Amino acid sequence: MNGTNRRPLLWWAVWACCCGTAAANITVRELPSGRTGTLPAVMRGGELLVALPPLFERLGFKWRWDDPAQQLTCVRNARQYVFTQDIQYYFCDNALFPLPAPVLRIGASLYLPMKAFLAIYKGVNGPKLRWDAASKALTINKSSYSVASVACEKKQNGVLVTVELADSLPFDYTYYYPNVTLNFFGATVDTAQVRSGRRIGFVDSLFGVQFNESAQVSLLVTREIEEPQIDYLQDLRTVLVSLRPKRSSAEGKRVSGSSNDVVSAGIRTIVVDPGHGGKDPGAIGPDGTFEKDITFTIALRLRDLLRKKSGIRVFLTREADDFVTLADRTKMANERNADLFVSIHVNAMPGSQKIKETTKGYKVYFLSQAKNEEDKLVAMRENAVIELEDKPQHYNALKNVLIDLAGNEYLRESQDLSILLDQQFELSLHKKIPRLQLGIGQANFWVLNGAYMPSILIETGFISNQSDEKILIDKSFQKDMANAIFEAVMNFKKKFETGL
Ligand SMILES: [Zn+2]
């Protein structure tokens, strides 16, 4: 037995750094109080190890150190966890469970890989945790309400409202000056906690209201704002609402004037983007159809139509079954000085057979922050391809909030084109394929991000739906789809070139 290690266990003691071990604190934020702090942790062999006693203490456990036995016992709500120094097992209520690594004594504390701790904690009926490995940040949600906390922060060009949820929840919002209202369905809100009369930027006050079947968060703003922009963190449990002041009418005119000038110069070049390709098949249908094949055929037909019947120059982002990164697709459109970017995709619905059977139809999207969970999920699925990219670009949705959106001067044109497409589809395709009953969508599609021109993304139907899949692989449908896009593009061209 190692005598030097047989000291009392004191987690607040300063530990001696062993070889290959570097201190790396974890930042902790507790909800609903918003209190912050740090937890001792170390990096060792590329793995983050966390000191167990202070972490368990934060989570409301009582702990004791048995020095002769070299055992740490943590108890909460009659549940007991026992960790033994240098041993790769732990006890939970006297049952033995394996650990991925032995419990390590470093300095005066016992350490476990954070990953292993999170796996163990899954079985605990305690505060909900959210772990962000990249920033080593742990959120401990002690609230029993589904809307745990709402915080406002003043930013350079607006106010960012952060809503922390115990779980992902469907919601919507309304804005009628001076009220911004967020409605979370099936949710509960701690009305004593979610309440602030302190003015932050142009947000005068906020309060929570509990209804029978929903929870509402109401904000009062002191000046008119643009439509609120919604985004989520990756786990869908944090909703970010960006509020930006409305541009003065002089600014508004200047902006729309300048972007109209760009478009009214004419639609001379268009880049058509067949989604996916190469090692990325996109979504796969129940009969084995690949999204990449459908998008490619429709794109080819659209290209041929444009070449034959319009004076518009057309480029495809891929000429064959090749893998092209999302960033390269828009880069090409920028380099070609394209006046329009049209990305073609096929949607897929995850989930039960019943959901797959009932979800069908086309939908047109433009780039913005998602306004509802469905649109956000479609964007997340389409964005997932970056995992296949050799050198994944640094796509960070959060960084764009309140930054990029303010500069999206093509938003209106993209929205106009989406409407024309939707109308054309309704007119010429509705007998073959329905419209997804959610209207036109907006979400943060990476493939549209960074395109300096009006740009839209078409989900031509649901490959996960057996009847849609049959329609989607039908040659005459693909021809009709290409035709409908062509007609809408021509209408868009006419509308802007004549300044109507
Ligand atoms: Zn796709």
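Residues numbered from 1 in each chain as written. Predicted model: local features only at pLDDT ≥ 70, side-chain atom pairs only at ≥ 80, totals over all residues. Heavy atoms only, no water.

J.: Let's hear about the packing of helix 4 (residues 291-309) against helix 11 (residues 475-497): which residues, and what values?
T.: The contact between helix 4 and helix 11 brings their axes to 9 Å, and the two run at 50°. Here helix 11 runs oblique to helix 4, going by the angle between their axes. The element helix 4 and its partner helix 11 pack so that their crossing is right-handed. Along its contact with helix 4, which presents Ile294, Thr297, Ile298, Arg301, Leu302, Leu305, Leu306 and Lys309, the element helix 11 presents Lys475, Gln478, Lys479, Met481, Ala482, Asn483, Ile485, Phe486 and Val489. (Axes fitted to C-alpha atoms, helices over the stretch in contact; angles between N-to-C directions. Helix = DSSP H or I, 4+ residues; strand = E, 2+ residues; numbered from the N terminus. Parallel < 35°, antiparallel > 145°, perpendicular 65-115°, else oblique. Left-handed = near helix turned anticlockwise from the far one by under 90°. Contact = heavy atoms within 4.5 Å.)

J.: Quick one: what's the story with the sheet that holds strand 24 (residues 269-274), residue by residue and with numbers?
T.: In spatial order, the strands read 25-24-26-29-27-28; together these six strands make up an open sheet with mixed pairing. Since the sheet does not close on itself, it has two edges, and those belong to strand 25 (313-316) and strand 28 (441-443), each with one partner. Here the average twist between neighbouring strands, direction ignored, is 25°. Two elements, strand 27 (residues 363-367) and strand 28, share three bridges in a ladder whose sense is parallel. The residue bridging Tyr365 from the neighbouring strand is Gly441, located in strand 28. Sitting on the sheet, helix 9 (residues 411-429) is in contact with strand 26 (340-347), strand 27 and strand 29 (455-462), with an inclination near 175° to strand 27. (Pairing = 2+ DSSP bridges.)

J.: Before we move on, could you go through the coordination of the zinc ion and cite the residues and values that matter?
T.: For a metal with four tetrahedral donors the ideal donor-metal-donor angle is 109.5 degrees, whereas six octahedral donors ideally subtend 90 or 180 degrees. Around the zinc ion, the donor atoms from the protein are His276 (NE2), Glu291 (OE), His345 (ND1), Glu382 (OE) and Glu382 (OE), and they sit 2.0 to 2.4 Å away. Considered as a linear motif, the donors of the zinc ion on their single chain read H-x14-E-x53-H-x36-E. Of this pair, His345 sits in strand 26 while Glu382 sits in helix 7 (residues 373-383); the two residues are 37 residues apart in sequence, bridging distant segments of the chain. Among the residues examined, His345 registers a relative accessible area of 5% and is labelled buried. (Donors = N, O, S within 2.8 Å, 3.2 Å for Na, K, Ca; no water. Buried < 20%, exposed > 50% of the residue type's maximum accessible area, 1.4 Å probe, protein only.)

J.: Please provide a residue-by-residue account of the pattern of salt bridges, values included.
T.: One pass over the full model with this rule turns up twelve salt bridges. We note a salt bridge from Arg58 to Glu30, for which the minimum N-O separation is 2.9 Å. Taken as a pair, Arg58 in helix 1 (residues 52-58) and Glu30 in strand 2 (residues 26-31) lie far apart in primary sequence, 28 residues in all. Across this residue pair, the class does not change: Arg58 and Glu30 are buried. In this structure, Asp321 engages Lys292 in a salt bridge whose closest nitrogen and oxygen atoms are separated by 3.1 Å. Of the two residues, Asp321 sits in the loop between strand 25 and helix 5 (326-335) while Lys292 sits in helix 4, which places them 29 residues apart along the sequence. Overall, the relative accessible area of 42% leaves Asp321 in the partly exposed class. (Salt bridge = Lys/Arg side-chain N within 4 Å of Asp/Glu carboxyl O.)

J.: Let's hear about the pairing of strand 27: which residues, and what values?
T.: Burial analysis of strand 27 places five of its five residues in the buried class, which makes it a mostly covered element. Of the two faces of strand 27, the one lined by Lys363, Tyr365 and Leu367 and the one lined by Val364 and Phe366 are each fully buried.

J.: Got a sec to walk through the sheet that holds strand 21 (residues 214-221)? Specific residues and values, please.
T.: The strands making up a sheet associate through hydrogen bonds between their backbones, and the pairing can be parallel or antiparallel. Within the open sheet, the five strands sit side by side as 17-18-21-20-19. Their pairing is antiparallel. Each end of this open sheet is capped by a strand with a single partner; those strands are strand 17 (171-176) and strand 19 (195-196). As defined by bridge partners, strand 17 adjoins strand 18 (residues 179-185) across six bridges and the pair is classed as antiparallel. When the sheet's bridge partners are listed, Tyr175 is paired in strand 18 with Val180.

J.: Give me the lowdown on the pairing of strand 6 (residues 62-66), citing residues and values where you can.
T.: Along a regular strand, successive side chains alternate from one face of the sheet to the other. Pairing of strand 6 with strand 7 (residues 71-76) involves five bridges; the strand directions are antiparallel. Each residue of the ladder has a partner; that of Asp66, found in strand 7, is Gln71. In this structure, the hairpin formed by strand 6 and strand 7 is closed by a connection of four residues, where Gln70 is found at a positive phi of approximately 55°.

J.: Give me the lowdown on a positive patch on the surface, citing residues and values where you can.
T.: Among the surface-exposed residues, Arg301, Lys308, Lys309, Lys475 and Lys479 lie close enough to one another that they form a single positively charged patch. Residue assignment for the positive patch shows that the elements contributing at least two residues are helix 4 and helix 11. Ranked by residues supplied to the positive patch, first place goes to helix 4 with three residues. Looking at the secondary structure, you find Lys479 in helix 11. Classification of Lys479 by relative accessible area gives partly exposed; the value is 44%. (Patch = residues over 30% accessible without salt bridge, like charges linked within 9 Å, V, L, I, M, F, W, Y side chains within 5 Å. Areas by Shrake-Rupley, 256 points an atom, 1.4 Å probe, with all protein chains shown as cover. Lys, Arg positive; Asp, Glu negative; His and termini not counted. Charge placed at Lys NZ, Arg CZ, Asp CG, Glu CD.)

J.: Break down the packing of aromatic side chains for me, citing the residues and quoting the values.
T.: On inspection of all chains with the given rule, the structure shows ten aromatic pairs. Residues Phe83 and Tyr90 carry aromatic rings whose centres are separated by 5.6 Å and whose planes lie at 20° to one another, so their mutual orientation is stacked. A relative accessible area of 0% means that Phe83 is categorised as buried. Residue Tyr90 is classed as buried on the basis of its relative accessible area of 9%. Of the aromatic side chains, those joined through ring pairs into one cluster are Phe56, Phe61, Tyr81, Phe83, Tyr90, Phe97, Phe117 and Tyr121. Directly above the ring of Phe323 sits Lys279, whose terminal nitrogen or CZ lies 4.7 Å from the centroid. Over the ring of Phe315 we find Arg336, and its NZ or CZ is 4.1 Å from the ring centre. (Phe/Tyr/Trp six-rings, centres within 6.5 Å; stacked < 30°, edge-to-face > 60°. Lys NZ or Arg CZ within 6 Å of the ring centre and 35° of its normal.)

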